[in-house]
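What the coordinates show
Chain by chain, the residues run as shown.
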Amino acid sequence: MDIKGYIQSGIIEQYVLGLTSAEESAEFEQLRAQYPELNDAVLNFEKQLEEYALINAIQPPLQVRSTLEKELFNNSTTEKTSIKASTPVYNINTWRYVAAACIILLIISTALNFYFYSGYKNSKDQFEALLSQQNTLQANNASYKQSLQMMEDTSMMHVEMKSVPGKEKNLATVLWDKSSKDVYLYINNMQPTPQGKQYQLWAIVDGKPVDAGMISDCVGLCKMKKIDHAEAFAVTLEKEGGSATPTMNEMYVMGKI
Amino acid sequence: MPQSSSYTENELVQLLKQRTQAAFSYLYEHYSGALYSIILSIIQDKELANDTLQEVFIKIWRQIEQYDPQKGRLFTWMVNISRNASIDILRSKGYNAQKQNRELTESVYTAAGTINIETDKIGLRKVVDNLKDDFKVLIDLAYFQGYTQDEISKTLNIPLGTVKTRLRSALTALREFIKK
């Protein structure tokens, strides 16, 4: 290392005057411990600086000394006045820290608010979903209960409609209240309907098919149209909304009374 | 201990640690003027400079245990306390800082050193005034206003490396004037 060049670079003056950055100081102090000539150069400049400052001294007003002596050697007033003297500096620093702390706390609090709010919203959404699910289940349960009661009701006539040839494995049951003439349909097992199609129930009255209503997705028993009297019931696959007359080759199940 | 004669630095530090009034008197009589001139070179307002000098002596008195002879002379330590206290006080008062910045920036952009930075020709300011404008601005920002080299680089829009070498050249030049 060119220690002479380093000494003459201005680093000595910079260090002594307190103008080095933390890294520069650390580096300098390390080199100083290694090179005695660096240490000598420091002492040399320090002495020069001191001499210069002493020659160019300016006498402060007398009251500064008397105030100081009062503060430092008059125990009763020492603490109070010294605090007063340094208050402005510390005050502002303190408030700076307090302000910084407040801002940080505010940011944390805002972040937590968002976090908790989204958590709350999730829970609320889930709760509402569960609530509506429960309502549906309760309604379904009521329908099933009602269906079950009707099925067990002996005054109800059961007409089992079996698959016609070519449409095997389909089965549906008509429950017919003879006194009120109400007709209910229970789907035991029917093929799912293709897009745009719907099953339609027909009552065969005096050899002629009479529309007994469209079969939509119902829970348990589907309530159909009232039928006064009939010899048979049948289900055909029709266009959505139903047809006036059944499409015979699309008949799925049929049951005679 | 002899009262009138001059102490070595070591002796003075020992006496200061014992907090004797004689130590204070000696310290004040020998160094208050030199430190006051350092403070005045940073703070032009005399009232504020008086308060600062008071604060500096209180700090020296209370913090003498923190002085490390390994790092430098007692006087250097006291000078640094004075400079830091002065800059802190100026900053805490927001004292003239904007005005000084503006003047400095203007002087940087004015050609061929026609503008002088306003000073009271006190203490170190006196020697700094002898330097060329480039150097004057750097030392003013670094020493008298306490800007870090990083801050100077940003304020003057000069690369940090240039600030570092130029500041050192300025300080070397400054030293030549101190010697005289």
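Residues numbered from 1 in each chain as written. Chains lettered and ligands numbered in written order. Predicted model: local features only at pLDDT ≥ 70, side-chain atom pairs only at ≥ 80, totals over all residues.

1. Focus on the interface of chain A and chain B
Facing the 39 residues of chain A at the interface are 43 residues of chain B. Among the secondary structure elements, those contributing two or more residues to the side of chain A that touches chain B are helix H2 (11-16), helix H4 (36-55), helix H5 (62-73) and helix H6 (75-152) of chain A. At nine residues, the largest contribution of residues to the side of chain A that touches chain B is made by H4(A). Each residue belonging to the side of chain A that touches chain B can be placed in one class, and the counts come to 22 nonpolar, twelve polar and five charged. (Contact = placed C-beta atoms within 7 Å. Helix = DSSP H or I, 4+ residues; strand = E, 2+ residues; numbered from the N terminus. Nonpolar A, V, L, I, M, F, W, Y, C, P; charged D, E, K, R; others polar.)

2. What to know about the packing of helix H2 (residues 21-42) of chain B against helix H4 (residues 74-93) of chain B
All names here are of chain B. Running from N to C, H2 and H4 point in directions that differ by 35°, and their axes come no closer than 9 Å. The way H2 lies across H4 gives a crossing that is right-handed. Note on element contacts: H4 touches H2 through Phe-75, Met-78, Val-79, Ser-82, Arg-83, Ser-86, Ile-87 and Leu-90, opposite Tyr-31, Leu-35, Ile-38, Ile-39 and Ile-42. Per-class residue counts for the contact of H2 with H4 are ten nonpolar, two polar and one charged. (Axes fitted to C-alpha atoms, helices over the stretch in contact; angles between N-to-C directions. Left-handed = near helix turned anticlockwise from the far one by under 90°.)

3. Some remarks on the nonpolar core
Residues and elements named next belong to chain B. Membership of the largest hydrophobic core comes to 63 residues, with the highest contact counts inside it found for Leu-35, Ile-39, Leu-53, Met-78, Leu-138, Ile-139 and Ala-142. The leading source of residues in this core is H2, at 13 residues. Setting aside its immediate chain neighbours within four residues, Ile-139 contacts Val-128, Leu-131, Ala-170 and Leu-174. (Core = buried A, V, L, I, M, F, W, Y, C linked by C-beta atoms within 7 Å. Buried ≥ 20, exposed ≤ 12 C-beta atoms within 10 Å, placed from the backbone.)

4. A look at unusual backbone geometry
Negative phi is the rule for most residues except glycine; trans is the rule for most peptide bonds. Residue and element names in this part refer to chain A. At Lys-181, a residue that is not glycine, the phi angle is positive and equals roughly 70°. Residue placement: Lys-181 occurs in the loop between strand E2 (171-177) and strand E3 (183-189). Judged by the 12 C-beta atoms lying within 10 Å of it, Lys-181 falls in the exposed class. Located in the positive-phi region is Asp-206, a residue other than glycine, with phi close to 50°. Among the structural elements, Asp-206 can be located in the loop between strand E4 (197-205) and strand E5 (208-215).

5. Focus: the pairing of E3(A)
Residues and elements named next belong to chain A. Relative to E3, E2 runs antiparallel, the two sharing six bridges. Within E3, the position partnered with Val-174 by the bridge is Leu-185. Here three bridges tie E3 to strand E6 (residues 221-223), and the two strands are oriented antiparallel to one another. The residue of E6 that forms the bridge with Tyr-186 is Leu-221. (Pairing = 2+ DSSP bridges.)

6. Section: the pairing of E2(A)
Residues and elements named next belong to chain A. With burial as the criterion, only one face of E2 is covered, namely that bearing Ala-172, Val-174 and Trp-176; the residues Leu-171, Thr-173, Leu-175 and Asp-177 on the opposite face remain uncovered. Bridge count for strand E1 (residues 156-163) against E2 is seven bridges, and the pairing is antiparallel. Pairing of Val-159 across the sheet is with Val-174, part of E2.

7. Quick word on the confidence of the model for chain B
Residue and element names in this part refer to chain B. Chain-level statistics for chain B give a pLDDT mean of 82 and a share of 81% at 70 or above. For chain B, the element scoring lowest by mean pLDDT is helix H5 (residues 97-109), at 49; helix H3 (residues 46-62) scores highest, at 93. Below pLDDT 50 for its whole length, residues 106-120 participates in 19 contacts with residues either more than four positions away or in separate chains. On the interface metric, ipTM, the complex scores 0.81, and its pTM is 0.53. (pLDDT = per-residue confidence, 0-100.)

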